[in-house]
Amino acid sequence: MSSATHIANDIPTSPIPADLAAGRKRLDSAWNGIIPGIVLVAMITAVAFSAHNVSGFALFSPMILAVVAGMIYSNVLGLPAHAKAGIAFSQKRLLRFAIVLLGFRLTFGQVAGIGLGGVGIVAATLGTTFLFTVTLGKLIGVDAKLAQLIAAGTSICGASAIVATNIATGARDEDVTYAVAAITLFGTVAMLGFPLLAPVFGLDQHAFGLWAGASIHEVAQGIGAGFQNGTLAGETATVAKLTRVAMLAPMVIALGFMARRGSSDASGTKPPMPWFVVAFVAVVALNSVVAVPAQIHTAFALAAQVMLTMGLAAMGLQADISQLRSRGLQPLVLAFSAFLFIAGFSLTLVKLV
């Protein structure tokens, strides 16, 4: 007994090193902050997939049902504060990773399918929509920085473009929140409505995918609307939309140059690199030169669909309709006018080409 006691007394009793304890605390805090939001997003995603199998809802894809369910949940029941980190993680990380996985559905031969004409449509739509929105904002008295945020969100890639543009413009946090809410609202309207308009305008899958990718605001919204009308439409929308995203960096550089012109601060800010576009291109290249087994294609396609649906559910949860009432009528009119312009202008180009 005395020997056992002696051995026990010899066991070190020093506390966990401070740096290790701090690291464990940060890890626990991160997981505790992210998991509740991911669980909420996963629940809404499960509801969307289940509703898709119900008669009357089968017309809409799980991605569309997820964003609507998320908006209803957050605006009726409210958004739990402890879930926000996980929701943001789902909207950003999962969404972008899903887009990378979509690269396994494409080859360079398919990418070339939109042709130079498709790239020209995307570029012309982006530039013209941005100039139209900023000019109209001046005419109706919308703050210039808020107008630039709405212009970027409409013409490029939704919330990501708004946040990136704000790096160059330095708008107020309330302006960023307002722009994101407005862009999410009208992008959701486009995602829900455009697939129903394809037969009205006589658009085949290629033409519809090009229209959706060139005009719908968020990446996932454009892709979701495209796949709503078929596989070819979804793949074309993916390529067209990511072509717009790739133009984010030069646009932010240009805005940063304009903002710094005449300023004493010459430090500048580097635009964010759309890494998921680079990864998407790398995956397409791999899929073009390597024969990936069909089972892997199927698994990646399912994973991409689930993560896209989760990202859209998170996007719906982040859409606070009350924000649209905070800045008066003019900014809302501007966002709505920009939405109509990009839809009409890009549709005209698609029909002409």
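Here's what I pulled together on the structure shown here. (Residues numbered from 1 in each chain as written. Predicted model: local features only at pLDDT ≥ 70, side-chain atom pairs only at ≥ 80, totals over all residues. Heavy atoms only, no water.)

1. So, the environment of glutamine 330
No. 1: Note on placement: glutamine 330 falls in helix 15 (residues 329–352).
No. 2: Through-space distance from the C-alpha of glutamine 330 to that of glycine 137 is 8.3 Å; in sequence the pair is 193 residues apart.
No. 3: Residue contacts for glutamine 330: discarding those within four places in its chain leaves Ile140 and Val142. (Helix = DSSP H or I, 4+ residues; strand = E, 2+ residues; numbered from the N terminus. Contact = heavy atoms within 4.5 Å.)

2. Brief notes about the nonpolar core
No. 1: By size, the foremost hydrophobic cluster in this structure holds 97 residues, and its most contacted members are Ile99, Ile156, Phe194, Phe208, Leu242 and Leu308.
No. 2: With 12 residues, helix 7 (residues 144–169) is the single largest residue contributor to this core. (Core = buried A, V, L, I, M, F, W, Y, C linked by side-chain atoms within 4.5 Å. Buried < 20%, exposed > 50% of the residue type's maximum accessible area, 1.4 Å probe, protein only.)

3. Some thoughts on a nonpolar patch on the surface
No. 1: Side chains of Ile35, Val39 and Met43 sit close together on the surface and give an oily, nonpolar patch of about 270 Å² of accessible area.
No. 2: Topologically, methionine 43 is positioned in helix 2 (residues 18–52). (Patch = residues over 30% accessible without salt bridge, like charges linked within 9 Å, V, L, I, M, F, W, Y side chains within 5 Å. Areas by Shrake-Rupley, 256 points an atom, 1.4 Å probe, with all protein chains shown as cover. Salt bridge = Lys/Arg side-chain N within 4 Å of Asp/Glu carboxyl O.)

4. Re the environment of asparagine 229
No. 1: Inspection of the secondary structure puts asparagine 229 in the loop between helix 10 (219–228) and helix 11 (231–246).
No. 2: In this structure, the C-alpha to C-alpha distance between asparagine 229 and glutamine 205, residues 24 residues apart in sequence, is 6.8 Å.
No. 3: Once residues lying within four places of it in the same chain are set aside, the contact partners of asparagine 229 are Pro195, Ala198, Gln205 and Phe208.

5. Remarks on helix 6 (residues 115–140)
No. 1: Given a rise of 1.5 Å per residue, 26 residues ought to cover 38 Å, and the 38 Å separating the end C-alpha atoms of helix 6 matches this to within 8%.
No. 2: Burial in helix 6 covers these residues: Gly118, Ile121, Val122, Thr125, Leu126, Thr129, Phe130, Thr133, Val134, Leu136 and Gly137.
No. 3: The first or second residue beyond helix 6 is glycine 141, which carries a positive phi of 85°. (Expected span 1.5 Å × (residues − 1).)

6. A word on the packing of helix 10 against helix 11
In a pair of packed helices, the angle between the axes and the distance between the axes together describe the arrangement.
No. 1: Taken N-terminus to C-terminus, the directions of helix 10 and helix 11 make an angle of 160°; their axes are 7 Å apart at the nearest point. In this view, helix 10 runs roughly antiparallel relative to helix 11, as classed from their interaxial angle. Along this stretch, helix 10 crosses helix 11, giving a crossing that reads as right-handed. Contacts between helix 10 and helix 11 involve Val219, Gly222, Ile223, Gly226 and Phe227 on the former and, on the latter, Thr231, Ala233, Gly234, Glu235, Ala237, Thr238, Lys241, Leu242 and Val245.
No. 2: Looking at side-chain class alone, the contact of helix 10 with helix 11 contains seven nonpolar, five polar and two charged residues. (Axes fitted to C-alpha atoms, helices over the stretch in contact; angles between N-to-C directions. Parallel < 35°, antiparallel > 145°, perpendicular 65-115°, else oblique. Left-handed = near helix turned anticlockwise from the far one by under 90°. Nonpolar A, V, L, I, M, F, W, Y, C, P; charged D, E, K, R; others polar.)

7. Overview of helix 7
Two residues of an α-helix separated by three or four positions point the same way, owing to the 3.6 residues in each turn.
No. 1: For helix 7, with 26 residues, the first-to-last C-alpha span of 9 Å runs short of the 38 Å given by 1.5 Å per residue.
No. 2: Considering bend angle alone, the principal kink of helix 7 is centred on isoleucine 156 and spans about 135°.
No. 3: Where helix 7 begins, the capping side chain belongs to aspartate 143, and its oxygen is found 3.1 Å from the backbone nitrogen of lysine 145.
No. 4: Just past helix 7, the residue glycine 170 takes up positive phi, approximately 65°. (Bend = angle between axes of the 7 residues up to and from the residue. Polar contact = N/O pair within 3.5 Å; in protein donor to acceptor, adjacent residues only side chain to side chain.)

Purely spatial values, then, with no claim about function.
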